Amino acid sequence: MRKSWTITVAAVLLSLAACADPQTSAAPKGNDASVVAFDTSANQKHITSAKVDSIAAELPAAVRDSGKLVVGNGSAGGGLPPLGFTADDNKTPIGVEIDIAYLAASVLGLTPEIQTTSWENLFLGLDSGKYQVGISNIGVSELRKEKYDFATYRLGLHAFEAKKGSGLKITGPADISGKKVAVSSGTLQEAILLDWNKQNVAAGRPPAEPKYYQQASDTYLALESGRIDLYLGPNPNAAYHVATAGKTEIVGTVSSSYPVQGLVGITTKKDNGLVKPLADALNAAIADGSYAKVLAKWGLPSEAVPKSLVNPPGLPKDKQK
């Protein structure tokens, strides 16, 4: 049986075009809202596009003749909605990353073959050729670009989540001064928080107080009870939590590759001939509107890109985790 929820999503997802600074921005306030139906059944209706013969012709002959695109996705063990996660049948991979795979493959005239694995084994699979591409929220970084090619398809954003009605607005370091902010240890989010604290101290402002919790449930309990002011985590997960739990709100975002704009890309082994047709396929889907439908399906219109880029500037090497 298909299972879905129709939920009202407050206007917590910013429009990048409206931001003066592409690296940090505050989520808008107001009564504007959109309705998103999250279908978590195994019988997903994947959004596809028409095959474009001229783009399919760019594929390496072996891939084109095989008729399939082997996709590695690091959602083994259940994954995290709305990225890549397990459907209600406890075995079928679903989520925005899976739908992007179907969308890009459709333009190329290929059938996606989704294989779930761990994050570490995903890259081993790319290296060995087990997976032709990785589609798993992989951020573009200068270090990764030494081994892999990227065709970008989403902005990389982290979100500041607060208790609903908090009145907070986070646009930069000054806005977190003196606040209690939860982050996960050893993450890019923690690095950003510590960087902002250095900026606050240098400007004569009190730093934020980092807080660490072992479980997401503990973090959200602390947020809802007022023991912490903010939680800084990946934007897709925050957007999904806001929509499904209804107790928190996104009050600002920051680039996942701060201070440069973070981008997420379909990842391939370097120079295997796939990155250009993948980027062209994504741009065809952007042009015909099917790409926007995929992001809307999973409540992530704020992460839309106007164009798929091949190997753009990424997270600096000294920031790589």
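Small disclaimer: the values here were computed from a predicted structure and weren't measured.

Asks: Quick one: what's the story with the pattern of salt bridges, residue by residue and with numbers?
Replies: Tallied over the full model, the rule gives twelve salt bridges. Close ionic contact of K147 with D127 constitutes a salt bridge, the shortest N to O distance being 3.1 Å. On the criterion of sequence distance, the pair formed by K147 in the loop between β9 (133-134) and β10 (148-163) and D127 in helix α4 (residues 119-128) is long-range, its members being 20 residues apart. K147 gets classed as partly exposed once you look at its relative accessible area, which sits at 46%. Judged by relative accessible area, which is 24%, D127 ranks as partly exposed. Note that K276 is salt-bridged to D280, the shortest N-O span being 2.7 Å. Of this pair, K276 and D280 both sit in helix α8 (residues 275-288), four residues apart, which is roughly one turn of the helix. In the salt-bridge network here, residues are joined through shared partners; they are E58, K276 and D280.

Asks: A description of the confidence of the model for the chain should follow, citing residues and the corresponding values.
Replies: Looking at the chain, pLDDT values average 89 and 88% of them are 70 or higher. Scored below 50 in pLDDT, residues 1-23 shows 64 contacts in the model against residues more than four places distant or in partner chains.

Asks: Pulling in residues and values, what's your account of the nonpolar core?
Replies: By size, the foremost hydrophobic cluster in this structure holds 59 residues, and its most contacted members are V96, I100, V133, I135, I266 and L278. Sorting elements by how many residues they give to this core places helix α3 (residues 96-108) first, with eight residues.

Asks: Account for the sheet that holds strand β5 (residues 79-80), with residues named and values stated.
Replies: Taken together, three strands build an open sheet; the order of strands is β5-β6-β7 and the sheet is antiparallel. Both edges of this open sheet fall to β5 and β7 (93-94), since each of them pairs with a single strand only. Direction of pairing for β5 relative to strand β6 (residues 84-86): antiparallel, over a ladder of two bridges. Of the residues in β6, the one forming a bridge with G79 is F85.

What counts, and at which threshold
- Residues numbered from 1 in each chain as written.
- Predicted model: local features only at pLDDT ≥ 70, side-chain atom pairs only at ≥ 80, totals over all residues.
- Heavy atoms only, no water.
- Salt bridge = Lys/Arg side-chain N within 4 Å of Asp/Glu carboxyl O.
- Helix = DSSP H or I, 4+ residues; strand = E, 2+ residues; numbered from the N terminus.
- Buried < 20%, exposed > 50% of the residue type's maximum accessible area, 1.4 Å probe, protein only.
- pLDDT = per-residue confidence, 0-100.
- Contact = heavy atoms within 4.5 Å.
- Core = buried A, V, L, I, M, F, W, Y, C linked by side-chain atoms within 4.5 Å.
- Pairing = 2+ DSSP bridges.

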